[in-house]
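Here's the letter readout for the chains.
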Protein chains: 2
Amino acid sequence: MRTAETAGKASRTLSSRPGLRERKKQRTRDALLRSALELFTTQGYERTTVDEIAEAVDVSPRTFFRYFGGKEDAALAVHGMAEEHFVASLRARPPEEPPLEALRRAVLESWDTISDAVVAVVPVELFLRMFRVIESTPVLLAAYLRRSAETEEQIARLLAEREGLDVDADPRPRLAVAVFGAVMRVTTRQWSADENGGLEAIRELAAAHLDQVGPALTGNWRTPARS
Amino acid sequence: MRTAETAGKASRTLSSRPGLRERKKQRTRDALLRSALELFTTQGYERTTVDEIAEAVDVSPRTFFRYFGGKEDAALAVHGMAEEHFVASLRARPPEEPPLEALRRAVLESWDTISDAVVAVVPVELFLRMFRVIESTPVLLAAYLRRSAETEEQIARLLAEREGLDVDADPRPRLAVAVFGAVMRVTTRQWSADENGGLEAIRELAAAHLDQVGPALTGNWRTPARS
DNA sequence: AAGCTAATGACAGTCACTGACAATCGACAA
DNA sequence: TTGTCGATTGTCAGTGACTGTCATTAGCTT
């Protein structure tokens, strides 16, 4: 449809585009994802059929399944990117940093820069709305928790390596990461329950909760606390 | 089929049975559950169809869905009982006990007495085998994690009430419970990964892990640790 | 322009699950 | 014992997610 560019076959030049075929695929995928999220957030996840999504993008339902493992996959795709973004932040942490400090800094940092990593595909606002849909749709919440568990395993291995430990011999990496993940889940959960919609809000909540874990575990809850 | 008992209508006498109809229902349910677990643990969850389960008990597939919300429900039914058993143990704890202490004692105690609560329906061995199937089947693991999350919410409210706190105002109950749940999940996970099959093993692992959480959070992993 | 390969659409089939209706079986009273 | 009533069940039809297969199409290569 476009005029054939002179660099038609130069798909492997240093900086340029990956060829029409690839671009088309990318566009289809993005369109499917955006339509899916749009429908999920407006009609609800359960009330949206794959046929609807496919129709909105004008492809066959079969094609949808060639791009996504299933409805769930599409619904969690963006969150998946966010997790990858976080893992990347974590990897970038200096190795001297103690593990939990690294985790803490990595989350806060990744929430600060999440827009950059996501906006390319879907608007932030859609991302945030989808987050609530996940939290309020049983099947999605389940799938989400499982994915988080997988990511935690990955992180545990990462930190163990960093500290020169064997994950299977020393339970501390998995324990620490599991605890950290638990705190983050309480955080995002409360955030999605509250009516606030900001990215800053979740950042603050995360910091506050991480500060509270220690005290919360001492068990002396008669001491005053802040929300 | 039986001779009509003289106490036919006396279904409400102090100790006696709940009437033929109820007994029959109970038997059907138990049979369905046992067949389901048996098939799940031998063929695998995904490779077992509802039709198969129903056929094994000689009822229509439709009937299966009258007793269970779905395949998942049947697969997680026993674990659900175990969780209820734990919550019951927790409720029975003296109110002066600090929350985390109560949690710790309740798990250990409930693992000690789990057989009593479960054996009535399915053999312990089947229960343990099913645990591994759950851990190794993505869909089931997801559903399992979601249920655990629900139970955690319930426990958080319980502890908050015990301590005279408002769960929505003070994050500590949810945080503490989430952390506790995380530790328990690491525990059961490692237990199901190892080849050991004992109930004592999981008890010891739980105790060991709970002792390790504190140290694991300090972040100074250069200190020696035991597996 | 022709040939190759990857992406797509069309189609048939499986399986989980649901609603509706008719047949059946236990509970209870006459 | 018999008959009515309500609960349990089986049958059937339908929806929706997902998969395998195969023919068609469309970008890429020479």
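This is a predicted model, so every value here is computed, not measured.

S.K.: Quick rundown of the overall build of chain A? Include the residues and the values.
M.R.: Per the secondary structure count, chain A includes 9 helices and 0 strands. Listed N to C, the secondary structure of chain A is α-α-α-α-α-α-α-α-α in terms of helices and strands. Burial status across chain A gives 50% buried among its 227 residues. By element, 51% of the accessible surface of chain A is carried by carbon and sulfur atoms, the whole surface being about 11,900 Å².

S.K.: Kindly report on the relation of the copies chain B and chain A, identifying the contributing residues and their values.
M.R.: With an RMSD of 0.0 Å, chain B superimposes on chain A once it is rotated by 180° and translated 0.0 Å along the axis. The operation mapping one copy onto its partner corresponds to a two-fold rotation axis. When you check the interface residues of chain B against chain A, 100% turn up at the interface there too, and the contact is symmetric in its surfaces.

S.K.: Which residues make up the interface of chain B and chain A, and what values go with them?
M.R.: Of the residues lining the interface, 44 residues belong to chain B; the matching set on chain A comes to 44 residues. Contact between chain B and chain A buries roughly 3,900 Å² in total, counting both sides, with carbon and sulfur atoms accounting for 72%. For chain B, the biggest contributors to the area lost against chain A are Arg172(B), Leu175(B) and Trp221(B); these three give 22% of the whole. Counting the contacts that link chain B with chain A gives 2 salt bridges. Of the charged contacts, one joins Arg189(B) and Glu153(A) as a salt bridge, the two residues approaching to 3.7 Å between their closest N and O atoms.

S.K.: Please give an account of helix H2 (residues 50–57) of chain A that cites residues and values.
M.R.: The periodicity of an α-helix, 3.6 residues per turn, causes residues three or four places apart in sequence to face the same way. All names here are of chain A. The set of residues buried in H2 consists of Val50, Ile53, Ala54 and Val57. For H2, the angular spread of buried residues about the axis comes to 95°, placing them on one side. Opposite the buried face of H2, by more than 90 degrees, sit the exposed residues Glu55 and Ala56. At its buried positions, H2 is contacted by helix H1 (20–43), helix H3 (61–67) and helix H4 (71–91). Positioned one or two residues after H2, Asp58 has a phi angle of 60°, which is positive.

S.K.: Give a detailed account of the protein's contact with DNA strand D, specifying residues and quantitative values.
M.R.: What surrounds DNA strand D is a group of 20 residues, the closest being Arg62(A), Arg21(B), Lys25(B), Thr63(B) and Arg66(B). When the atoms of DNA strand D within 4 Å of the protein are grouped by moiety, sugar and phosphate amount to 51% of the total. One of the backbone N or O atoms of Thr48(A) is found 3.4 Å from a phosphate oxygen in DNA strand D. Between DNA strand D and Tyr67(B), the relevant distance is 3.0 Å, taken from a phosphate oxygen to a side-chain nitrogen or oxygen of the residue.

S.K.: Quick rundown of the pattern of salt bridges? Include the residues and the values.
M.R.: For side chains bearing opposite charge, pairing can occur when the charged atoms are close. All names here are of chain A. Following the criterion strictly, the structure yields 34 salt bridges over all chains and no others. Across the pair Glu22 and Lys25 runs a salt bridge whose closest N-O atoms are separated by 3.5 Å. Highlighted residues: Glu22 and Lys25, both in helix H1, separated by 3 residues, approximately one helical turn.

S.K.: Any chance you could break down the side chain of Ser35(A) for me, citing the residues and the numbers?
M.R.: Mapped onto the elements of the fold, Ser35(A) is located in helix H1. Apart from residues no more than four positions distant in its own chain, Ser35(A) is found in contact with Ile53(A), Ala56(A) and Val57(A).

S.K.: Explain the environment of Val167(A) to me, and be specific about the residues and the numbers.
M.R.: All names here are of chain A. By the element assignment, Val167 lies in the loop between helix H7 (138–162) and helix H8 (172–193). The buried category is assigned to Val167, whose relative accessible area is 10%. Separated by 14 residues in sequence, Val167 and Glu153 place their C-alpha atoms 9.5 Å apart. Excluding anything up to four places from it in sequence, Val167 contacts Ala156, Arg157, Ala160, Pro173 and Arg174.

S.K.: Any chance you could break down the packing of aromatic side chains for me, citing the residues and the numbers?
M.R.: Overall, the coordinates contain 14 aromatic pairs over all chains when judged by the stated rule. Summarising the aromatic geometry, the rings of Phe64(B) and Phe65(B) are spaced 5.4 Å apart at their centres and angled 90° between planes, so their arrangement reads as edge-to-face. The class of Phe64(B) is buried, set by a relative accessible area of 0%. Owing to a relative accessible area of 42%, Phe65(B) belongs among the partly exposed residues under this scheme. Aromatic rings pair up to connect Phe127(A), Phe131(A), Tyr144(A) and Trp191(A) into one cluster. The ring of Trp191(A) is capped by Arg132(A), whose NZ or CZ atom sits 5.5 Å from the centre of that ring. For the cation-ring pair, Lys71(B) lies above Tyr45(B), with the distance from its terminal atom to the ring centre recorded as 4.4 Å.

S.K.: Requested: an account of the protein's contact with DNA strand C, with residues and values cited.
M.R.: Neighbouring residues of DNA strand C: 22 residues in total, closest Lys25(A), Thr63(A), Arg66(A), Arg62(B) and Lys71(B). The separation between a base oxygen of DNA strand C and a polar side-chain atom of Arg66(A) is 2.6 Å. Tyr67(A) is positioned such that a nitrogen or oxygen atom in its side chain is 3.0 Å from a phosphate oxygen of DNA strand C. Of all the secondary structure elements, the ones that give two or more residues to the surface near DNA strand C are H1 and H3 of chain A together with helix H1 (20–43) and helix H3 (61–67) of chain B. Top element by residues in the surface near DNA strand C is H3(A). It accounts for 4 residues.

S.K.: Could you give an account of unusual backbone geometry, with specific residues and numbers?
M.R.: Residues and elements named next belong to chain A. The backbone phi angle of Asp58 is positive, close to 60°, even though this residue is not glycine. Assignment of secondary structure puts Asp58 in the loop between H2 and H3. The exposed category is assigned to Asp58, whose relative accessible area is 68%.

S.K.: I'd like to hear about the environment of Gln26(A), residue by residue, with values.
M.R.: Looking at the secondary structure, you find Gln26(A) in helix H1. Measuring from C-alpha to C-alpha, the distance between Gln26(A) and Val119(A) comes to 15 Å, with 93 residues separating the pair along the chain.

Calculation notes
Residues numbered from 1 in each chain as written. Chains lettered and ligands numbered in written order. Predicted model: local features only at pLDDT ≥ 70, side-chain atom pairs only at ≥ 80, totals over all residues. Heavy atoms only, no water. Helix = DSSP H or I, 4+ residues; strand = E, 2+ residues; numbered from the N terminus. Buried < 20%, exposed > 50% of the residue type's maximum accessible area, 1.4 Å probe, protein only. Areas by Shrake-Rupley, 256 points an atom, 1.4 Å probe, with all protein chains shown as cover. Least-squares fit on C-alpha atoms with pLDDT ≥ 70 in both. Contact = heavy atoms within 4.5 Å. Buried area = accessible area lost by both parts, 1.4 Å probe. Salt bridge = Lys/Arg side-chain N within 4 Å of Asp/Glu carboxyl O. Arc of directions from axis to C-beta. Near = heavy atom within 4 Å. Polar contact = N/O pair within 3.5 Å; in protein donor to acceptor, adjacent residues only side chain to side chain. Phe/Tyr/Trp six-rings, centres within 6.5 Å; stacked < 30°, edge-to-face > 60°. Lys NZ or Arg CZ within 6 Å of the ring centre and 35° of its normal.

From the geometry alone we can't say anything about function, so treat these as descriptive.
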